[in-house]
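# Geometric and topological summary
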Amino acid sequence: MLQSTTRMVRLRNTTDKTVVVVDPINNIRREFPRKNVVQEIPFDMVAQLLFQTGFRNMIESGMLFIDSMEDKIDLGLEEPDTTTPTNIVVFSDEEKVQLLTTASVSDFVEKLSHVTYEEAAELVKFAAKNDIYNPEKSDILKEITGLDVVAMIAKKKAFEEADKRAASMKEDREPEGVFKPRR
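Attention in this report is confined to the structure presented alongside it. (Residues numbered from 1 in each chain as written. Predicted model: local features only at pLDDT ≥ 70, side-chain atom pairs only at ≥ 80, totals over all residues. Heavy atoms only, no water.)

## Concerning helix α6 (residues 117–129)
If you check α6, its first and last C-alpha atoms are 18 Å apart, about what 13 residues at 1.5 Å a residue would give, namely 18 Å. Within α6 the residues assigned to the buried category are Glu119, Ala120, Ala121, Glu122, Leu123, Val124, Phe126, Ala127 and Ala128. (Helix = DSSP H or I, 4+ residues; strand = E, 2+ residues; numbered from the N terminus. Expected span 1.5 Å × (residues − 1). Buried < 20%, exposed > 50% of the residue type's maximum accessible area, 1.4 Å probe, protein only.)

## Topic: the sheet that holds strand β5 (residues 64–66)
Pairing is antiparallel across the open sheet formed by three strands, whose spatial order is β4-β1-β5. Edge positions in the sheet fall to β4 (38–42) and β5, since each has one partner strand and no second. For this sheet, the mean angle separating the axes of adjacent strands, direction not counted, is 35 degrees. Pairing geometry for strand β1 (residues 8–13) and β5, over three bridges, is antiparallel. By the bridge assignment, Arg12 is partnered in β5 with Phe65. Helix-sheet contacts for helix α2 (residues 53–60) involve β1 and β5, and the interaxial angle to β5 is about 70 degrees. (Pairing = 2+ DSSP bridges. Axes fitted to C-alpha atoms, helices over the stretch in contact; angles between N-to-C directions. Contact = heavy atoms within 4.5 Å.)

## A short note on the side chain of Thr14
Mapped onto the elements, Thr14 comes out in the loop between β1 and β2 (19–23). Classification of Thr14 by relative accessible area gives buried; the value is 5%. A polar contact of 2.2 Å, which involves the side chain of Thr14, links it to the backbone oxygen of Gly62. Not counting residues up to four positions away in its chain, the partners in contact with Thr14 are Lys35, Gly62, Met63, Leu64, Phe65, Val90 and Glu122. (Polar contact = N/O pair within 3.5 Å; in protein donor to acceptor, adjacent residues only side chain to side chain.)

## Some remarks on unusual backbone geometry
The backbone phi angle of Asn27 is positive, close to 55 degrees, even though this residue is not glycine. Looking at where Asn27 falls in the secondary structure, it is placed in the loop between β2 and β3 (28–32). Classification of Asn27 by relative accessible area gives exposed; the value is 71%. The phi dihedral of Asp131 is positive, around 55 degrees, even though this residue is not glycine. The exposure class of Asp131 is partly exposed, given its relative accessible area of 37%.

Distances and angles like these do not, on their own, reveal function.
The following block contains the structure:
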């Protein structure tokens, strides 16, 4: 029994949205339904898919991320002899917390100069989700993305309060099917 060894490239979804890669010519369809879902695609297919504008934009914008530096270099996405990503940077959750809380403003600006719009928008969403607010950094993020951390946090809190009110009102109601005549 022959066993073929095909080099596979691991692609990871870095967004909170569903991302789908479709190429009917090569009979390939991969769906990434949520953040951090990993799918493997043969190296040769990825090399061909990079010629398609949509797929290339997904890779270059950071929507889909290739973890292996060797694969990135071989595909021409990073310069030879690089050890850390320079063209496409994706922050881990720990790096996001560090950037938003303890990093100096100059370090923050320097790091943001190397990220895509998608990653900067993810940083804003992360800050809002975790109630991390720094006035200077929020203003910088707003200039880059157009997204306001303060407004997102306020909206989140308003939704939480509305959910609490709705839950308390539901507890006060009579159970369905119980009839009580009015007096």
